[in-house]
Amino acid sequence: MLLSPELNLTLRPMQYPQFFKLYKDSIKNIWTTEEIDFSIDYEHLRDKLNPKEAHLVKRLVAFFATADNLVAHNLVLNFYKHINSPEYRMFLGKQLFDEMLHVETYLLLVDNYLPDLAERSEAFDAYKNIPSVKLKADFCFKYMDSINNLDRLSSTQKRQQFVENLICFASCVEGLFFFGSFAYVYFLRNKGLLPGLATATNWVFRDETMHIEAAMQAIQAIRNEYPELFTKELEERVEAMIEEAIEVEMAFCEDVLTFGVSGLSPKLMKEYLCYCADQRLVQLGMNKKYFAKNPFPFMVLQDVQPLTNFFEKRVTEYQKGFGASKESVVFNESF
Ligand SMILES: [Fe+2]
Ligand SMILES: [Fe+2]
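None of the values given here were measured: they were computed from a predicted structure.

Asks: Help me understand the overall build of the chain in this model?
Replies: Counting its secondary structure elements, the chain contains twelve helices and zero strands. In sequence order, the chain lays out its α and β elements as α-α-α-α-α-α-α-α-α-α-α-α. Nonlocal contacts in the chain, meaning residues at least 24 apart in sequence, comprise 81% of its contacts between residues at least 6 apart.

Asks: Mind showing me how you'd approach the confidence of the model for the chain here?
Replies: The predicted model of the chain averages 91 in pLDDT, with 90% of residues at 70 or higher. Confidence drops under a pLDDT of 50 for residues 304-313, and excluding neighbours within four residues, the segment shows 16 contacts in the predicted structure. Confidence drops under a pLDDT of 50 for residues 315-335, and excluding neighbours within four residues, the segment shows 47 contacts in the predicted structure.

Asks: Teacher, can you tell me more about the coordination of the iron ion (ligand 1) here?
Replies: Tetrahedral coordination by four donors sets the ideal angle at the metal to 109.5 degrees; octahedral coordination by six donors sets it to 90 or 180 degrees. Protein-derived coordination of the iron ion (ligand 1) comes from Asp-68 (OD), Glu-99 (OE), His-102 (ND1) and Glu-208 (OE), at a distance range of 1.9 to 2.2 Å. If you look at the iron ion (ligand 1), its four donor atoms make angles of 96 to 130° with each other, and the shape they trace is tetrahedral. When the donor residues of the iron ion (ligand 1) are listed from N- to C-terminus, their spacing reads D-x30-E-x2-H-x105-E. Here the iron ion (ligand 1) and the iron ion (ligand 2) are spaced 3.4 Å apart, and both take Glu-99 as a donor. On the criterion of sequence distance, the pair formed by Glu-99 in helix 4 (residues 86-113) and Glu-208 in helix 9 (residues 195-225) is long-range, its members being 109 residues apart. As far as the burial class goes, Glu-99 and Glu-208 line up, both buried.

Asks: I would appreciate a short explanation of unusual backbone geometry in the present structure.
Replies: Cis geometry marks the peptide bond from Arg-12 to Pro-13; its omega dihedral reads -10°. Despite not being glycine, Phe-291 shows a phi value in the positive range, around 50°. Tracing the sequence through the fold places Phe-291 in the loop between helix 11 (266-283) and helix 12 (297-322). The class for Phe-291 is exposed, based on a relative accessible area of 63%.

Asks: Looking at this structure, how should I read the packing of helix 3 (residues 51-82) against helix 7 (residues 131-145)?
Replies: Packed helices, taken two at a time, are described by the angle their axes make and the gap between the axes. The N-to-C vectors of helix 3 and helix 7 enclose an angle of 5°; their axes lie 10 Å apart at closest approach. Accordingly, the angle class assigned to the pair helix 3 and helix 7 is roughly parallel. The segment helix 3 lies against helix 7, with Arg-59, Ala-62, Phe-63, Leu-70, His-73, Asn-74 and Asn-78 engaging Ser-132, Val-133, Lys-136, Ala-137, Cys-140, Phe-141 and Met-144. The residue inventory of the contact of helix 3 with helix 7, partitioned by class, reads eight nonpolar, four polar and two charged.

Asks: What am I meant to see in the environment of Lys-21 here?
Replies: Structurally, Lys-21 can be placed in helix 1 (residues 17-26). By relative accessible area, Lys-21 is classed as partly exposed at 42%. Sequence separation between Lys-21 and Phe-91 is 70 residues; the distance between their C-alpha atoms is 8.9 Å.

Asks: Can you walk me through the environment of Gly-93 in this structure?
Replies: Among the structural elements, Gly-93 can be located in helix 4. Gly-93 sits 17 residues away from Val-76 along the chain, and the two C-alpha atoms are 9.1 Å apart.

Asks: Honestly, the coordination of the iron ion (ligand 2) in this entry has me stumped. Any pointers?
Replies: Ligation of the iron ion (ligand 2) by protein atoms is provided by Glu-99 (OE), Glu-174 (OE), Glu-208 (OE) and His-211 (ND1), these donors lying 1.9 to 2.2 Å from the ion. Coordination at the iron ion (ligand 2) comes from four donor atoms whose angles at the metal span 92 to 157°, giving a geometry best classed as irregular. If you list the donors of the iron ion (ligand 2) from N- to C-terminus, the spacing comes out as E-x74-E-x33-E-x2-H.

Asks: Can you walk me through the side chain of His-211 in this structure?
Replies: Mapped onto the fold, His-211 is located in helix 9. Here His-211 is in contact with Phe-91, Gln-95, Asp-98, Glu-99, His-102 and Glu-174, once residues within four sequence places are set aside.

Asks: Help me understand the pattern of salt bridges, please; the structure alone is not making it clear to me.
Replies: Pairing between side chains becomes possible if they bear opposite charge and their charged atoms approach one another. Using the criterion set out here, one finds 17 salt bridges in the structure. Of the charged contacts, one joins Lys-94 and Asp-98 as a salt bridge, the two residues approaching to 2.6 Å between their closest N and O atoms. Of the two residues, Lys-94 and Asp-98 both sit in helix 4, four residues apart, roughly one turn of that helix. In terms of burial, Lys-94 and Asp-98 fall into one category: buried. Among the ionic contacts, a cluster of salt bridges with common partners joins Lys-21, Asp-25 and Lys-28.

Asks: Explanation requested: the packing of aromatic side chains in the structure shown.
Replies: The description of an aromatic ring pair uses the distance of the two centres, along with the angle that the planes make with each other. Within this structure, the stated rule accounts for 24 aromatic pairs. The ring centre of Phe-63 lies 3.6 Å from the NZ or CZ of Lys-136, which sits over that ring.

Rules used in this analysis
Residues numbered from 1 in each chain as written. Chains lettered and ligands numbered in written order. Predicted model: local features only at pLDDT ≥ 70, side-chain atom pairs only at ≥ 80, totals over all residues. Heavy atoms only, no water. Helix = DSSP H or I, 4+ residues; strand = E, 2+ residues; numbered from the N terminus. Contact = heavy atoms within 4.5 Å. pLDDT = per-residue confidence, 0-100. Donors = N, O, S within 2.8 Å, 3.2 Å for Na, K, Ca; no water. Tetrahedral: all angles 85-135°; square planar, octahedral: opposite > 155°, others 65-115°. Buried < 20%, exposed > 50% of the residue type's maximum accessible area, 1.4 Å probe, protein only. Axes fitted to C-alpha atoms, helices over the stretch in contact; angles between N-to-C directions. Parallel < 35°, antiparallel > 145°, perpendicular 65-115°, else oblique. Nonpolar A, V, L, I, M, F, W, Y, C, P; charged D, E, K, R; others polar. Salt bridge = Lys/Arg side-chain N within 4 Å of Asp/Glu carboxyl O. Phe/Tyr/Trp six-rings, centres within 6.5 Å; stacked < 30°, edge-to-face > 60°. Lys NZ or Arg CZ within 6 Å of the ring centre and 35° of its normal.

This is how it looks when you write it as structure tokens:
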């Protein structure tokens with residue numbers, strides 16, 4: 001069983017082919033930071049961004065500087081430890097590589113966007129010192145620390161605690177915190193700003209979509225094997241967790257938009273987060289709660305275009321390198 005406190009190493013007969021398929025799909029999507037070009041961004045930062053937009057970007061960089069490392073840390077300490085499927089561990093191996101690639105991407109972002117050494121270290125310390133970034137990190141630590149001492153999932157209560165951690169990182173951290181930040185990036189892209197960051201975000205966005213999809217499939221499998229875990233109380237806790245994640249992300253939004261940015265508002269961002277939250281609830285097998293509409297046309301385009309653009313640009317390299325075809329790659333509804 002998926003949450004048995006033991007180490008299953010048997011891949012034949014394959015018990016969870018869906019996770020092996022996710023692994024195979026995910027290794028078709030390999031990119032490197034050498035393909036990202038921040039040179040035009042540098043000119044935009046110097047000549048085009050107004051001070052209000054510059055503040056927004058500074059906060060985004062501060063969030064991105066450490067966020068993927070946190071996700072990776074939880075993946076290794078908790079997901080990898082407790083999900084008893086060699087197929088899922090293969091996917092997690094690739095996810096860990098993705099997260100390190102994201103860490104490297106945002107290191108490059110810090111180096112390019114913040115030439116001043118003091119500003120660089122301020123970005124890396126933001127999770128401790130900038131209140132709106134700290135709130136997000138503290139939210140992650142709360143769910144990470146809550147299962148710190150969980151060695152063996154030997155009871156229903158312990159399995160529920162682990163499931164909450166899994167749901168937290170998929171739905172709230174990757175599924176809301178990151179999606180909120182992607183929306184700011186695509187808002188800027190829509191204004192013709194920061195094409196390097198937009199390109200990097202296309203690739204990170206696609207990876208995150210896959211990480212969320214894999215975790216949701218794991219949760220679905222756990223739900224099938226352990227229906228007793230998904231009590232009304234657990235679902236209420238998940239709803240409260242998502243509500244809290246929206247509040248935390250909105251505190252970040254208030255900070256990001258402190259000086260006002262024309263075309264964006266906390267009200268619109270709240271609606272977007274509620275729209276994302278409903279998607280996560282449905283993915284979790286729960287009912288929608290917010291019934292919000294996507295208020296950002298540039299994110300609607302994001303839902304359908306990047307894959308096409310990505311493959312138009314890179315399909316040749318992909319076919320050469322990995323024998324991949326456009327049709328053989330599986331993505332979730334975001335693409
Ligand atoms: Fe990531
Ligand atoms: Fe991720």
